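# Tertiary structure, described
Okay, here's what each chain looks like letter by letter:
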Amino acid sequence: MDGTTATTAGGATAGHNHDGADPAAAVLTSTTAPGRTFSSRSDLAEHYKSDWHRYNLKRREAGLPMLREVDFTARLEAALALRREREEREG
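Only a predicted model underlies this, so the values are computations on that prediction, with no experimental measurement involved. (Residues numbered from 1 in each chain as written. Predicted model: local features only at pLDDT ≥ 70, side-chain atom pairs only at ≥ 80, totals over all residues. Heavy atoms only, no water.)

Before going further, it helps to examine the overall build of the protein chain. When helices and strands are tallied, the protein chain shows three helices and three strands. The linear arrangement of helices and strands in the protein chain, starting from the amino end, is β-β-β-α-α-α. Taking all 91 residues of the protein chain together, the buried fraction comes to 21%. Taking the contacts inside the protein chain whose residues are at least 6 apart along the sequence as the reference set, 18% of them involve residues at least 24 apart. Counting every atom, the protein chain has about 6,500 Å² of accessible surface; 53% of that belongs to carbon and sulfur. (Helix = DSSP H or I, 4+ residues; strand = E, 2+ residues; numbered from the N terminus. Buried < 20%, exposed > 50% of the residue type's maximum accessible area, 1.4 Å probe, protein only. Contact = heavy atoms within 4.5 Å. Areas by Shrake-Rupley, 256 points an atom, 1.4 Å probe, with all protein chains shown as cover.)

Moving on: the packing of aromatic side chains. One pass over the structure, following the stated rule, counts one aromatic pair. With 5.4 Å between their ring centres and 50 degrees between their planes, Tyr 55 and Phe 72 make a pair best called tilted. Here Tyr 55, found in helix H2 (residues 51-61), pairs with Phe 72, found in helix H3 (residues 69-90); they are 17 residues apart in sequence, far enough to count as distant. For Phe 72, a relative accessible area of 10% gives the class buried. (Phe/Tyr/Trp six-rings, centres within 6.5 Å; stacked < 30°, edge-to-face > 60°.)

Quick look at the packing of H2 against H3 now. Where H2 meets H3, the closest approach of the two axes is 11 Å, and the angle between their N-to-C directions is 95 degrees. In terms of axis orientation, H2 runs roughly perpendicular to H3. Contact with H2, carried on its side by Asp 51, Trp 52, Tyr 55 and Arg 59, involves Glu 69, Phe 72 and Arg 75 of H3 and no other residues of that element. Residue composition of the contact of H2 with H3, grouped by class: three nonpolar, no polar and four charged. (Axes fitted to C-alpha atoms, helices over the stretch in contact; angles between N-to-C directions. Parallel < 35°, antiparallel > 145°, perpendicular 65-115°, else oblique. Nonpolar A, V, L, I, M, F, W, Y, C, P; charged D, E, K, R; others polar.)

Attention shifts here to the confidence of the model for the protein chain. The predicted model of the protein chain has a mean per-residue pLDDT of 83, with 73% of residues at 70 or higher. Per-element confidence in the protein chain is highest for H2, whose mean pLDDT is 98, and lowest for strand E1 (residues 4-7), whose mean pLDDT is 37. (pLDDT = per-residue confidence, 0-100.)

To continue, consider the pattern of salt bridges. With the rule as written, the count across this model stands at four salt bridges. Note that Arg 36 is salt-bridged to Glu 69, the shortest N-O span being 3.7 Å. Here the residue Arg 36 occupies a position in the loop between strand E3 (28-30) and helix H1 (41-48), and Glu 69 occupies one in helix H3, the gap between them amounting to 33 residues. Exposure remark for Glu 69: the relative accessible area of 36% places this residue in the partly exposed category. (Salt bridge = Lys/Arg side-chain N within 4 Å of Asp/Glu carboxyl O.)

Take a look at the structure:
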């Protein structure tokens, strides 16, 4: 029998395998975490608390594509570096 995908609140999906496999072993994903899978609901819940998740929610609302974690991290580090530079010039 084919597997199906169930969507949960917040855009998360969990693959359900109907061939007798352990449903707890299902892979969890979130639309705000492209390319990332979560091995447990608690890992997914932690993602929902992250700056990356919040940033991608704002991007979705603006009609922009989601950022992968590596791209988000690069943007965050660049923004923090600019802030430090500005504070050093003004301080």
